[in-house]
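Remarks on the overall topology
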Amino acid sequence: MRFRNRSACLLFIALLFALLPAPAVSQETSWEKETAAWREQHKAELLKPDGWLSLIGLEWLQPGDNSAGSAPDNKIHLPAGAAHLAIFHLEGETVTLNPPAGGFPPGFLVAGVPAEPQSLRAEANKDKVSPHLTIGTLNMYVIRREARFALRIKDSHSPAITGFHELKWFEPNPAFRVTARWIPYSPHKTITLATLIGTSYDQPVPGVAEFSLAGKTFRLEPVLEDPAAAKLFFILRDTTSATTTYGACRFLYTGFPTNGLDRPGELALDFNRLENPPCAYTPYSTCPLPPPGNRLPIPLPVGEQRYHN
């Protein structure tokens with residue numbers, strides 16, 4: 001009888017442990033795995049042949065002819081390849097690609113097709129529409145910032161890629177996963193974002209995310225960077241920027257709120273996914289700065305730390 005009672009007691013305890021703690025442990029393990037996978041994906045994006053670590057130059061075009069090539073007599077000096085690659089002619093708001101005296105070199109492609117004289121599309125702060133010019137390991141395209149045009153130059157064998165020294169992260173902390181209240185703006189408002197290079201541009205703001213952290217309530221406004229993508233873009237800074245994180249800002253991308261952009265709902269904010277902007281890795285990017293309302297007076301010791309000390 002005593003044996004049966006003892007066995008029943010042990011069985012009861014085993015069932016209790018099986019029922020109660022397992023889901024919490026499983027959920028935590030799943031979140032940690034998702035966080036680790038996101039970090040690896042973030043690193044992979046940076047290390048792509050045309051990722052931000054491949055960026056080696058940003059050459060502002062001057063009115064008239066801007067010759068490009070590896071020879072020292074070019075206005076735009078390339079690290080390798082043809083001595084005289086091409087001439088970028090800027091007139092007003094039009095950039096035209098012209099051949100050098102000896103013609104375009106073999107293997108020089110525009111949007112995957114052998115280069116020919118042509119106008120190059122470049123829209124303000126919409127770099128994805130610009131055709132890519134490629135030869136060897138180089139990948140170039142024209143960008144526009146307000147009334148200024150520049151040639152952005154990438155190299156799949158850049159020193160930043162070949163000398164990559166891993167990213168630095170805070171330990172994941174579930175306390176910095178919050179559910180925010182989504183308050184839509186009707187109509188959407190527009191804010192002007194300043195950039196590190198002294199330019200500015202307008203972006204739509206569909207609403208504000210209100211959340212509690214450290215016993216206080218805060219608000220953050222995201223911009224809708226790409227209307228075709230179901231993604232919100234938060235540009236923010238916290239007090240760790242003075243010590244352990246990139247000084248200008250960090251980025252946070254999220255999905256849409258539970259009820260869409262135009263109705264009140266909830267929005268998941270996981271600050272463990274704060275990432276550095278491109279300008280944290282290279283001096284040749286043109287990053288936006290956080291709007292005044294997105295400068296938090298508290299530390300967020302999670303996410304990505306400074307890449308360069």
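Refer to the structure above for everything that follows.
Residues numbered from 1 in each chain as written. Predicted model: local features only at pLDDT ≥ 70, side-chain atom pairs only at ≥ 80, totals over all residues. Heavy atoms only, no water.

**Remarks on the pattern of salt bridges**
Inspection of the entire model under this criterion finds 11 salt bridges. The residue Glu45 makes a salt bridge to Lys48 at a minimum N-O spacing of 3.2 Å. A relative accessible area of 35% means that Lys48 is categorised as partly exposed. Ionic contacts of the salt-bridge type, sharing partners, join the residues Glu40, Lys43 and Glu166 into one network. (Salt bridge = Lys/Arg side-chain N within 4 Å of Asp/Glu carboxyl O. Buried < 20%, exposed > 50% of the residue type's maximum accessible area, 1.4 Å probe, protein only.)

**A few points about the nonpolar core**
Residues Phe88, Leu97, Phe108 and Met140 are the most contacted members of the largest nonpolar core, which totals 24 residues. Elements with a minimum of two residues in this core: strand E4 (86–91), strand E5 (94–98), strand E9 (133–135), strand E10 (138–145) and strand E11 (148–155). Each residue touching Phe88, except ones within four places of it in the same chain, is listed here: Leu61, Gly64, Asp65, Asn66, Ala68, Val95, Thr96, Leu97, Leu120, Leu133, Val142 and Leu151. By size, the runner-up hydrophobic cluster in this structure holds 23 residues, among which are Phe176, Leu252, Leu274 and Val302. (Core = buried A, V, L, I, M, F, W, Y, C linked by side-chain atoms within 4.5 Å. Helix = DSSP H or I, 4+ residues; strand = E, 2+ residues; numbered from the N terminus. Contact = heavy atoms within 4.5 Å.)

**A word on the sheet that holds strand E1 (residues 55–60)**
Spatially, 6 strands are ordered E1-E11-E10-E9-E6-E7 in an open sheet, and the strand pairing comes out antiparallel. Strand pairing shows two members of the sheet lacking a second neighbour, E1 and strand E7 (113–114), which therefore form its edges. Inspection of the sheet shows E1 paired to E11 by 5 bridges, in the antiparallel sense. Opposite Gly57, over in E11, you have Ile153 as the bridge partner. (Pairing = 2+ DSSP bridges.)

**Some points on the packing of aromatic side chains**
Evaluation of the coordinates by the stated rule reveals 9 aromatic pairs. Ring geometry for Phe251 and Tyr253: centres 6.5 Å apart, planes at 90 degrees, overall edge-to-face. We classify Tyr253 as partly exposed; its relative accessible area is 29%. In this structure, Lys154 packs its charged tip against the face of Trp52, placed 5.1 Å from the ring centre. In this structure, Lys231 is placed above the aromatic ring of Tyr253, and the distance from its NZ or CZ to the ring centre is 5.4 Å. (Phe/Tyr/Trp six-rings, centres within 6.5 Å; stacked < 30°, edge-to-face > 60°. Lys NZ or Arg CZ within 6 Å of the ring centre and 35° of its normal.)

**Some details on empty space enclosed by the protein**
Counted under the stated rule, the structure contains 1 cavity of 30 Å³ or more. Considered as a void within the structure, the largest cavity measures approximately 30 Å³ in volume. Leu236, Arg237, Asp238, Ser241, Thr245, Tyr246, Cys249 and Arg250 are the residues that line the largest cavity. Here the lining of the largest cavity is composed, by residue class, of 3 nonpolar, 2 polar and 3 charged. (1 Å grid on protein atoms, 1.4 Å probe; cavity = no way out; pocket = protein on both sides within 12 Å on 5 of 7 lines; lining within 4 Å. Points joined across faces, edges and corners; volume = space filled by probe spheres on them. Nonpolar A, V, L, I, M, F, W, Y, C, P; charged D, E, K, R; others polar.)

**Details of the sheet that holds E5**
With mixed pairing, 5 strands are arranged side by side in an open sheet as E3-E2-E4-E5-E8. Every other strand in the sheet has two partners, leaving strand E3 (76–77) and strand E8 (118–120) as the edge strands with one partner each.

**What to know about the pairing of strand E13 (residues 200–213)**
A regular strand places its side chains so that they alternate between the two faces of the sheet. Of all 14 residues in E13, 10 are buried; the element is thus mostly enclosed. Bridge analysis of strand E12 (residues 177–194) against E13 gives 10 bridges, and the strand direction is antiparallel. Bridge pairing in E13 places Ile183 opposite Val208. Linkage of E12 to E13, two consecutive antiparallel strands, is achieved through a turn of 5 residues, within which Gly198 is found at a positive phi near 90 degrees. Between E13 and the antiparallel strand that follows it, strand E14 (residues 216–220), lie 2 residues; Ala214 among them carries a positive phi value of about 55 degrees.

**Regarding the side chain of Ser241**
Structurally, the position occupied by Ser241 is in the loop between strand E15 (232–236) and strand E16 (250–254). What makes Ser241 buried here is its relative accessible area of 14%. Of note is the side chain of Ser241, whose polar atom sits 3.0 Å from the backbone oxygen of Asp238. In this structure, Ser241 is in contact with Tyr246, Gly247 and Arg306, ignoring residues within four places of it in sequence. (Polar contact = N/O pair within 3.5 Å; in protein donor to acceptor, adjacent residues only side chain to side chain.)

By themselves, these observations are geometric and do not establish any function.
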